[in-house]
Amino acid sequence: EGKIEADYPDWSSSPGEEVKELTLQHRFSLGSACGTPKYTNYTLGFKDCLDYIFYDKSAFYVEQVIPMPTEEELALNAALPNVSFPSDHISILADLKWL
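Fair warning: this is a prediction, and the values are worked out from it, not measured in the lab. (Residues numbered from 1 in each chain as written. Predicted model: local features only at pLDDT ≥ 70, side-chain atom pairs only at ≥ 80, totals over all residues. Heavy atoms only, no water.)

## Thoughts on the overall build of the chain
Defined as follows: Starting at the N terminus, helices and strands are each numbered in turn, a helix being any DSSP run of H or I of at least four residues and a strand any DSSP run of E of at least two. We take the radius of gyration over the C-alpha atoms and set the globule estimate at 2.2 Å times the residue count to the 0.38 power. A residue counts as positive if it is Lys or Arg and as negative if it is Asp or Glu; His and the chain ends are not included. Here the site of a charge means atom NZ of a Lys, CZ of an Arg, CG of an Asp or CD of a Glu.
Helices and strands together make up the secondary structure of the chain, namely 1 helix and 8 strands. Listed by position from the N terminus, the elements making up the chain come as β-β-β-β-β-β-β-α-β. Rg of the C-alpha trace for the chain: 17 Å, well past the compact-globule value of 13 Å for 99 residues, more than 25% over. The principal-axis extents of the C-alpha atoms in the chain amount to approximately 45 × 45 × 15 Å. Measuring between centres, the 7 positive side-chain charges of the chain sit 5 Å from its 16 negative side-chain charges.

This is the structure:
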């Protein structure tokens, strides 16, 4: 947690644009308020989680999270955006409170 090593696979995910000998590190204790939903982007060519709400776990706690739509609800239409979801990203919402 809080560190990306030099051999992290994403550093070489784009041929010709490899990042070499780089390690990133921070001292924050971050959490994802909504966890890692299965989808926050649901299009014909791509379905995955792209969106997060990161927060400092030493300063906040998650009081509540708005439920995500089910896969069945998303599959009613071919992709986002559509009449039910006007964006190609699903909104993620959380109430955070100071500790």
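## Some details on the state of the cysteines
Convention followed: To count as a disulfide, a pair of cysteine sulfur atoms needs to be within 2.5 Å. Burial classes: relative accessible area under 20% of the type maximum marks a residue as buried, over 50% as exposed, and values in between as partly exposed (1.4 Å probe, protein chains only).
Under the counting rule described, the total for this entry stands at 0 disulfides. The closest cysteine sulfur to the non-disulfide-bonded Cys 34 is located on Cys 49, 9.1 Å from its own sulfur. Since its relative accessible area comes to 17%, Cys 34 is described here as buried. Note on Cys 49: relative accessible area 9%, which makes it buried.

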